[in-house]
Structure formats: structure tokens, C-alpha cells
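# Survey of secondary and tertiary structure
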Amino acid sequence: MPSRRRCPVLDPFDLPDDHAAKSADDLIAADRAHLRRLGAALSREQDALTARLALVRRQAADAGVTAVDRDLEIRRLSATLRLRERYGIDMCLGRMTPAAGPPAYIGRAGVSDADGTRLLVDWRAPAAEPYFAATWKDPRGLLSRRRYRWNRGRIRDYWDEALSPEGLDGAASLDDQSAFLASLDAHRTGRMRDVLATIQADQDAIVRAPSPGALVVDGGPGTGKTVVALHRAAHLLYAEPRLTTGAGGMLLVGPNPQYLGYVEDVLPSLGEDTVRLCTLRDLTPEGAGAIAETDSRVAELKQRLDPELVIAAAVSELTRPPMHALRIEAPWADLWVSREEWADLFARADPASPHNEARDEVWEEVLEMLVDQVRDPEVPESSVRRWLRQDDDLTTTFVRAWPLLSPAAVVAALWASPALLARCAPDLPADELALLHRAEGAPWTDADLPLLDAAHRRLGDPEAVREQHRRQVAAAAAREQMSAVVDHLVESDDSEMKVMSILRGADARTVLAGADVPPPFPPDELAGPFGHIVVDEAQELTDAQWRTLIARCPSRSFTVVGDRAQARRAFTESWSERLQRLGLRNVRVSSLRVNYRTPTEVMAVAAPTIREALPDANVPVSVRESGIPVRHGNAVERDEVVDAWLAANPEGVAAVIGDPGFAPRPRVRALTPEGAKGLEFDLVVLVRPEAFGTGRTGAVDRYVAMTRATRELVILR
């Protein structure tokens, strides 16, 4: 979204003529003065942030400030400035009036005036909690709460909610539901919006829950579980800064790319832009080209395998110490590596290091042992090492025993060789080994990705190791060349002070030699570790997929979002049972049971669809009506329905679900039921839902597709 710098407006209120009663001076004069003061403060703050950011960008990484610290400061200042540029005074969500003391204004970020007066309390701060959590039964010390509705930087409406008898003053602004219902009735735009202005007390309790352990946000369609999880992510990054500064940050895993595009704007609007977003496929390089596994038996077998154990066994099978002693005829002496020494050196490899990196460590130990066998003090160690690195017998023996392994090649070898797979997964019977056989060159499937991911983590990136070798060679060559240049300059120096001799210093040589070294290989930003992971549509994850995520989060701190009734595969365990079996601890389940999105007209059709296959499905209760009954028709009417809707609705978005022949149009998307998960549309045109199949999977797909509608559902058969 483009930034927009705001200047303070003369009057923050722009109420329509039919809101004349709300325009009374005694209702809005105090807010008007406060918001004008806020506008002036934001303008000063934005100027200061711009100047500070420019200064930090000009600074070199010295004077005790590391490059990492400087980059973190630039990132922090940039994020703060972007939020100020995106919002002006409409950063203010509303205000709360306590029983004692002046009103407090709540905002997307905290803002103070030049004299230190707090003009906005950050919505995530403990002081702001009563604004979101207060109810008539539990007012949290408040008399009333006011919510604003903004449009183009000015207030077009506002609503007051009485939270105690004293708050019932009979004012025209009293209305405890209009703000909420207005947000529900608004047209969709193709991007999820944050719900700070209307978040409900039960949702806020989930948002503010602490990070340790796994918190499951369980809820049916339209309960707001996704947006609540996103607000929880923003709150955790504010309340527990260690997640960003020391624990590796936060990862959000969504079900598909459409979902990521839909939600990507929410966290920046909440003041956080450091969260990494991805799908499960994005975690593995092979994921981009992987196809769906069409054989359900193969998919089931692969998801039952423990990727860590299978890959570890395969690596052991492919890495064996030489079985014979090696004699090396060096210019200075005969050097030996016995069979026992080979075995000991291989066994000493650090199990915490990726296999390909540990290979280099073991190779250096081999060289060290052989260098120690040269007893001639006249022979420099560097010369011995250089000679050994070029010895064909030594390098060939080592490379054969400990090859540089490619993750894809290891997994391919498992599927290509039933004998190797049998040694790595001894519990598999012969018929299952045969079923898993994969022809050489066959494309990867989504069922392969957990094993490929485990292989990447166990082995490391072989290309990164090769790049490191190239860097080392380049650095060594640069040092030798620089050494020769320095020696020549020093010998040619006829100055009285012999100033060129300073070049013999270690620091100077390091700086000079490093000038020609290639840049480091870029890190994999999705490899982890992460301090916290948010997983949406988690009911679809297999055990193997869960292990890929758990391996990236040593703290095992998760926000798990899902609905067991929307699982396309059987989900017979409870959330706690499944997650605890996978190794997560302190599992807590928070349920959302009110459907704020889907109209009752749509749910009246969708609920029987899912209950026919899953009688005990937790179907949420809708709280709103659209006034538009579900329509039924023939599939040939598809274009007519879409054209009529576009003509009648200049705003909003629609989706045609289940028709691969439909070409997307502006504001109208073509989706599968799986691709529609997590999304919402004003209109859903469901084409031939009976073709989705029978049983659980077909029922879930129909249920998911129907409940994407926020206003209107049309079913064509």
C-alpha cells in the first residue's frame, strides 16, 4: 500500500448530515482537540524519524556499533516510519473512559507529545487491555468505550458502548453493536483487514495469551480464528521482544499462496513487518516444482515415516570409514592412516553439524593427524597441508568414504533402491517397499517434501559448501599474492621511517587480502530457528509435515489455527492428543464458537452438508443475516450470474469455486476448494459441488467452499 504523509486536518470529524445528533459539541469537542494535538505530534515525530533514519544509514559500522546492530536499528526505524506514513491521526482506534481519571486514547502505536503526555496508548500495551476486554459483566474499571470509523483520514462515524450504569447517559452515540456490525457488512477487497477497531473480548483473550507452549485457536468458518492469530503474532512480538532479538523471529505458515497474498497486509497494519510468511512447500527448494501425490497409499506410507530417522540412517549407509589402512608416500616420510584411525576420525564428527559441514571438519582432522607425522622442523606445516590436499590417493579415499551428499540425491536413492530403504526403514514390509519405489527422474510429489526437508537439514547445502571452498581458495590466493606485494613494497621502501613495514601487520594483511574474497553464500531465511511459529489450517498437516516445523522451533512455541471439522483427512484425535504425541508440550485449546462472517442463510445450507459426513462437527452459530437467500441453478448460468453481480456491485470480490474452465476476471477469482481455504468473498458461485466426491473429503470441500461467502451463495449443478 502506498504511503501517504498526513498533515493535521482542521477538523478530524466529517460526520454525514444524517448524523447531526452525533455532531453535538459536547460529544466530540474533547476528541477534536485531542486528535488535532495528535496530528501535530505525529508530524514532528515523522520528521524526527526521517532525520534519524538518514543519519543511521550514513553511519559506518564502527564506534562500537556492529553491522548487525546498525541493520536492526535501520529496520526498526523504517518499520516505525512506514506505519506513521501509512496512517495519520486515523492511527487512533478510539478511547476508553475510566471510572477515575481522564479518558485514554488507544492507537496502533504509542505516541507521546513533546512534553511527554501520552496521546496514544499502543493497543498491545497492558494499559490498553481494558479497551478490548471490558464487557458489561466485567467492565475492567471503565464507564464507557468509544470506537471510531475512519475514511480517508477523517471520522465518518463513531459508537459509544456503556460498560456500567454510569455510562448510560442517553446520548445519541450510545450503540454497542453498530461498529461491529458495520465492519461485518463491509464489502471484501481481496485483502484481509485487521480487526483492531472491533475485536471482541473472547478474541482479545487469545491475542494476549503468552507464548510458551502450543496455543490452539480452534474454530469453525467465520469465527475470526485467522485474524485473531495474526493479531496474537503482532502482540507477542511487542510483549516478548526476545522472539525477535534473540530467538530467531517468527514464521507464519499458510495453506497456499492465495492465502499468503490475502493476509500479508495485516501484520504491517499492526506495526509488525518482520514476520516471515510461507507455505509448507516454500520450506524446501524442491517444493516449487512438486506435484500432488495421486496414490493415496503412497502418500499415507510416506507420511508415516519419521523423516529424521530415515535420513539419518541413509546418511550412515552412504558414509562409511575406509575398511583398509592407507599409506601415503610423502616427500618427507611415509604417512599412515590405519583402519582404526579412520573409524575414530569419522566417529568424532560433531552430530550437531550438518553432514556436509562435518565432512570438512573431519577432513581437517585427517590432515592434522598426518601433518603431525612429519617430524622435520625445517618443513613448514603449511607446505605439508598443501601437498596433502593435492594427493590423489588421500583425496580419492576420503571422498569415496565421505562423499559430498545432495539432499535430493539421498532421497532419490531411497526410493530407487528397495534394499537401501529396507535398511533405513526396517519396519516396512516387502509390499510397501515395492509401493514406494520411484522411477529415476520422476517428479517430486508433496509427500516427498518432509523427507527432502529433513535431508536438507541433516546434510546442509552442498552448493554452500562448494562456495565456501571457493572462498577459501580465493582467500588463500589473495593472501599469497598480497604477501608477495607487501614484501616487495617493504623491500623497496627507502623512507627514513620505513612506513611500509606497517603492511606486515596481521590486521593490515587481513583487510587487504579480504578485498578480493567473494561475498558469502546467502542464508536460507526459512531454515530457522524461529522463536515462534504460527500455523494456519493446521488440521491438514500430516505428522511428517509437523516434524518439519517442530525442527525449526527449538522452543516449541506455536500458535496452531484450525478446525477439525474442515480436515480433509480423518482427524480422530483431539488437538491435545495429536500435538502431544508429536512432542509439543503445554498444549492449550481456545475455542471460538461464533460465526461472525457467514450469513445464517448460507450456514443453513452448509451445516447439513458437513454434518451428513461428520455428525459431531463443531459448526459455529452465525450472528448475522444478509437478507439474500441461497440460490440454485444450472451450471450453464455461471457467466450470467457473474455478469449480473459485477453490474450490480461496483465494490467487493467474488469467487467461482469448482469450475476449472472459468477464466478469472477483475474482482472474480477461479479457485478449487483447497485453494479457497482461509479466504472470503462477497459472492461465491459454487459449480457442480457433487463432483467434489463422496465421503469426508467431498463433504469438507463443499462445506469449505460454501462458507467462503460473506453475503451471497449461488450453487450451480
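How each quantity is defined
- Residues numbered from 1 in each chain as written.
- Predicted model: local features only at pLDDT ≥ 70, side-chain atom pairs only at ≥ 80, totals over all residues.
- Heavy atoms only, no water.
- Helix = DSSP H or I, 4+ residues; strand = E, 2+ residues; numbered from the N terminus.
- Areas by Shrake-Rupley, 256 points an atom, 1.4 Å probe, with all protein chains shown as cover.
- Buried < 20%, exposed > 50% of the residue type's maximum accessible area, 1.4 Å probe, protein only.
- 1 Å grid on protein atoms, 1.4 Å probe; cavity = no way out; pocket = protein on both sides within 12 Å on 5 of 7 lines; lining within 4 Å.
- Points joined across faces, edges and corners; volume = space filled by probe spheres on them.
- Nonpolar A, V, L, I, M, F, W, Y, C, P; charged D, E, K, R; others polar.
- Phe/Tyr/Trp six-rings, centres within 6.5 Å; stacked < 30°, edge-to-face > 60°.
- Lys NZ or Arg CZ within 6 Å of the ring centre and 35° of its normal.
- Core = buried A, V, L, I, M, F, W, Y, C linked by side-chain atoms within 4.5 Å.
- Contact = heavy atoms within 4.5 Å.
- Pairing = 2+ DSSP bridges.
- Right-handed = clockwise from strand over helix to strand, strands pointing away.
- Polar contact = N/O pair within 3.5 Å; in protein donor to acceptor, adjacent residues only side chain to side chain.
- pLDDT = per-residue confidence, 0-100.
- Axes fitted to C-alpha atoms, helices over the stretch in contact; angles between N-to-C directions.
- Salt bridge = Lys/Arg side-chain N within 4 Å of Asp/Glu carboxyl O.
- Left-handed = near helix turned anticlockwise from the far one by under 90°.

## Topic: the overall build of the chain
A tally of helices and strands in the chain yields 26 helices and 21 strands. Summed over its atoms, the accessible surface of the chain is roughly 33600 Å², and 54% of this surface lies on carbon and sulfur atoms.

## What to know about helix 22 (residues 543–550)
Taken across its eight residues, helix 22 has seven buried, putting it largely inside the fold. When we look at burial in helix 22, the residues that qualify are Asp543, Ala544, Gln545, Trp546, Thr548, Leu549 and Ile550.

## A closer look at the layout of surface pockets
Taken as a whole, the second largest pocket holds about 1400 Å³ of empty space. Looking at the second largest pocket, it is lined by 48 residues, and the ones nearest its centre are Asp446, Glu540, Gln545, Arg569 and Glu674. Taken together, the elements giving at least two residues each to the lining of the second largest pocket come down to strand 8 (250–254), helix 8 (257–263), helix 10 (296–304), helix 19 (449–459), helix 22 and helix 23 (575–581). Examining the composition of the lining of the second largest pocket, we find that five residues originate from one element, helix 10, more than from any other. Among the residues forming the lining of the second largest pocket, the class breakdown is 15 nonpolar, 15 polar and 18 charged.

## A closer look at the packing of aromatic side chains
Applying the stated rule across the entire model yields eleven aromatic pairs. With a centroid separation of 6.0 Å and 75° between ring planes, the pair formed by tryptophan 332 and tryptophan 387 is classed as edge-to-face. On the criterion of sequence distance, the pair formed by tryptophan 332 in the loop between strand 10 (326–329) and strand 11 (334–337) and tryptophan 387 in helix 14 (residues 381–389) is long-range, its members being 55 residues apart. Judged by relative accessible area, tryptophan 387 falls into the partly exposed class, the value being 26%. These aromatic residues form a ring-pair network of at least three members: Trp342, Phe346, Trp363, Phe398 and Trp402. Stacked on the ring of tyrosine 131, the Lys or Arg arginine 147 has its end atom at 5.7 Å from the ring centre. We note arginine 578 situated over the ring of phenylalanine 571; from NZ or CZ to the ring centre the distance is 4.0 Å.

## Quick look at the nonpolar core
Core analysis: the largest hydrophobic core is formed by 70 residues, its most contacted members being Ile106, Trp123, Phe132, Met250, Ile657, Leu686 and Leu713. Looking at this core, the element that brings in the most residues is helix 6 (residues 225–239), giving eight residues. Residues in contact with phenylalanine 132, not counting those within four places in the same chain, are Leu93, Ile106, Trp123, Arg145, Leu196, Ile199, Gln200, Ala201, Asp204 and Arg208. Judged by nonpolar contacts, the second largest core, of 28 residues, contains Val298, Ile311, Ala408 and Leu452.

## As for the pairing of strand 12 (residues 532–535)
The two faces of strand 12 match: His532 and Val534 on one face and Ile533 and Val535 on the other face are all buried. Sheet topology note: the strand 8/strand 12 ladder contains four bridges and is parallel. Bridge pairing in strand 12 places methionine 250 opposite histidine 532. Between the parallel elements strand 12 and strand 13 (residues 558–562), the chain passes through helix 22 in a crossover that is right-handed.

## Quick look at the environment of arginine 32
Inspection of the secondary structure assignment puts arginine 32 in helix 1 (residues 25–58). In this structure arginine 32 comes out as buried when scored by relative accessible area, which is 16%. Put simply, arginine 32 and leucine 10 are 22 residues apart on the chain and 9.2 Å apart in space, counted from C-alpha to C-alpha. Other than its neighbours up to four places away in sequence, arginine 32 contacts Asp11, Pro12, Phe13 and Asp25. Among the polar contacts listed, one links the side chain of arginine 32 to the side chain of aspartate 25, at a separation of 3.4 Å.

## Concerning the confidence of the model for the chain
When the pLDDT values of the chain are averaged, the result is 87; 86% of them are 70 or greater. The element-level mean pLDDT for the chain is lowest in helix 21 (residues 506–514), coming to 47, with strand 18 (residues 654–657) highest at 98. Within the model, pLDDT remains below 50 along residues 1–5, and this stretch shows ten contacts once partners closer than five positions in the same chain are excluded.

## Observations concerning the sheet that holds strand 20 (residues 681–687)
Taken in spatial order, the five strands of this open sheet run 17-21-20-18-19, and their pairing is parallel. Each edge of the sheet is formed by a strand with only one pairing partner; in this case those strands are strand 17 (631–633) and strand 19 (668–671). Sheet twist, expressed as the mean angle between neighbouring strand axes with direction ignored, is 20°. The sheet contact formed by strand 18 and strand 19 spans four bridges and is parallel. The residue of strand 19 that forms the bridge with alanine 654 is valine 668. In the packing of helix 26 (residues 695–706) onto the sheet, the strands contacted are strand 18, strand 20 and strand 21 (709–716), and the crossing angle to strand 20 comes to about 145°.

## Quick notes on the pattern of salt bridges
Counted under the stated rule, the structure contains 54 salt bridges. A salt bridge links arginine 581 to aspartate 543, with the nearest nitrogen and oxygen atoms 2.6 Å apart. Within this pair, whereas arginine 581 is found in helix 23, its partner aspartate 543 is found in helix 22, the two being separated by 38 residues in sequence. In this structure, a network of salt bridges that share partners links the residues Arg638, Asp639, Asp643, Asp659 and Arg665.

## A short note on the packing of helix 13 (residues 355–372) against helix 15 (residues 392–401)
Close contact between helix 13 and helix 15 brings their axes to 12 Å; oriented N to C, the two are set at 145°. The hand of the helix 13/helix 15 crossing is right-handed. Residues Arg359, Val362, Trp363, Val366, Leu367 and Leu370 of helix 13 touch helix 15, and the partners they reach there are Leu394, Thr395, Phe398 and Val399. Of the residues in the contact of helix 13 with helix 15, the class split is eight nonpolar, one polar and one charged.

## Here we look at unusual backbone geometry
The omega angle of the peptide bond from glycine 528 to proline 529 is 0°, so this bond is cis rather than trans. Here proline 529 shows up in the loop between helix 21 and strand 12. At arginine 152, a residue that is not glycine, the phi angle is positive and equals roughly 55°. Along the chain, the position of arginine 152 falls in the loop between strand 5 (142–151) and strand 6 (154–162). Judged by relative accessible area, which is 77%, arginine 152 ranks as exposed. Non-glycine residue arginine 667 carries a positive phi angle of around 75°. Here arginine 667 shows up in the loop between strand 18 and strand 19. Residue classification places arginine 667 among the partly exposed positions, given a relative accessible area of 29%.

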